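For reference, the chains in residue letters:
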Amino acid sequence: MSRPDPAGTELFDRQAVLEGERILLRPYRPEDYEALYAVASDPLIWEVHPAHDRWQEPVFRAFMADAVEQGGTLVAMDRASGDIVGSSRFQGLDAARSQVEIGWTFLARKCWGGAYNREMKRLMLAQAFTGVQRVVFHIGADNIRSRKACEAIGGRLTDETDVVERGGAMVLHVIYEVTRDSFASGPLA
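Residues numbered from 1 in each chain as written. Predicted model: local features only at pLDDT ≥ 70, side-chain atom pairs only at ≥ 80, totals over all residues. Heavy atoms only, no water.

1. Remarks on the sheet that holds strand E5 (residues 73-78)
Then comes step 1: The 8 strands are arranged E3-E4-E5-E6-E7-E8-E10-E9 in an open sheet whose pairing can be described as mixed. Pairing within the sheet leaves two strands with one partner each, and these edge strands are strand E3 (18-19) and strand E9 (156-166).
Then comes step 2: For strand E7 (residues 99-107) and strand E8 (residues 134-140), the ladder comprises 3 bridges, and the chain directions are parallel. Looking across to E8, one finds that valine 100 is bridged to valine 135. (Pairing = 2+ DSSP bridges. Helix = DSSP H or I, 4+ residues; strand = E, 2+ residues; numbered from the N terminus.)

Encoded structure:
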């Protein structure tokens, strides 16, 4: 469902409940923290990520504090078991550019292999395109795992980049996009 923002631009609900065959996405609640951290505490999830120390509890706590402050965070639940298996966010909603960013995604290793991530992103993209024309993904340039996953869902590498400070070092991020039109005819349609 979309709703008008104060400027009259149609936006989408970043806190919707989204249901697929494997995944249920719902808004993050504070009582989800322990189960979500149990997933995120696996160092292998973060090994190629620019924030490779996010498995450490103080780092993850700061990550989730930012998630709560920014809003748009969804918890991923395995529909078969009911277990929390990860999370993702809608962030940086820009009504003037008709775009939003999807990111900060992580999944339990038992969900790796593409099917869960593809379904999660299909659900999130479909929700985003009820209100915006473009979705962007900021991915660490060296994070080959996430880059391949983004390409598998139809993400197109743009010529845009971003540099983010991470632990005192500047980390280059590349930007992928999926547009409403490319989504309608792409691999997740």
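Next comes the rest of the write-up.
2. A short note on the pairing of strand E4 (residues 23-27)
Then comes step 1: Within E4, 4 of the 5 residues are buried, which leaves the element mostly enclosed by the surrounding structure.
Then comes step 2: Here 2 bridges tie E3 to E4, and the two strands are oriented antiparallel to one another. The partner of glutamate 19 across the bridge, within E4, is leucine 24.
Then comes step 3: A loop of 3 residues connects E3 with E4, the two strands running antiparallel in sequence.
Then comes step 4: Pairing of E4 with E5 involves 5 bridges; the strand directions are antiparallel. Bridging across to E5, leucine 25 finds its partner in alanine 76. (Buried < 20%, exposed > 50% of the residue type's maximum accessible area, 1.4 Å probe, protein only.)

3. Considering the packing of aromatic side chains
Then comes step 1: For the coordinates displayed, the defined rule picks out 10 aromatic pairs.
Then comes step 2: Plain terms: the ring middles of tyrosine 33 and tyrosine 37 are 6.3 Å apart, the flat faces sit at 5 degrees to each other, and that makes the pair stacked. Of this pair, tyrosine 33 and tyrosine 37 are both found in helix H1 (residues 33-40), 4 residues apart, which corresponds to roughly one turn of the helix.
Then comes step 3: Overall, tyrosine 33 belongs to the buried group, its relative accessible area being 8%.
Then comes step 4: Of the aromatic side chains, those joined through ring pairs into one cluster are Tyr33, Tyr37, Trp46, Phe60, Phe63 and Phe106.
Then comes step 5: Here arginine 89 stacks its cationic end above the ring of phenylalanine 63, 4.9 Å away from the centre of that ring. (Phe/Tyr/Trp six-rings, centres within 6.5 Å; stacked < 30°, edge-to-face > 60°. Lys NZ or Arg CZ within 6 Å of the ring centre and 35° of its normal.)

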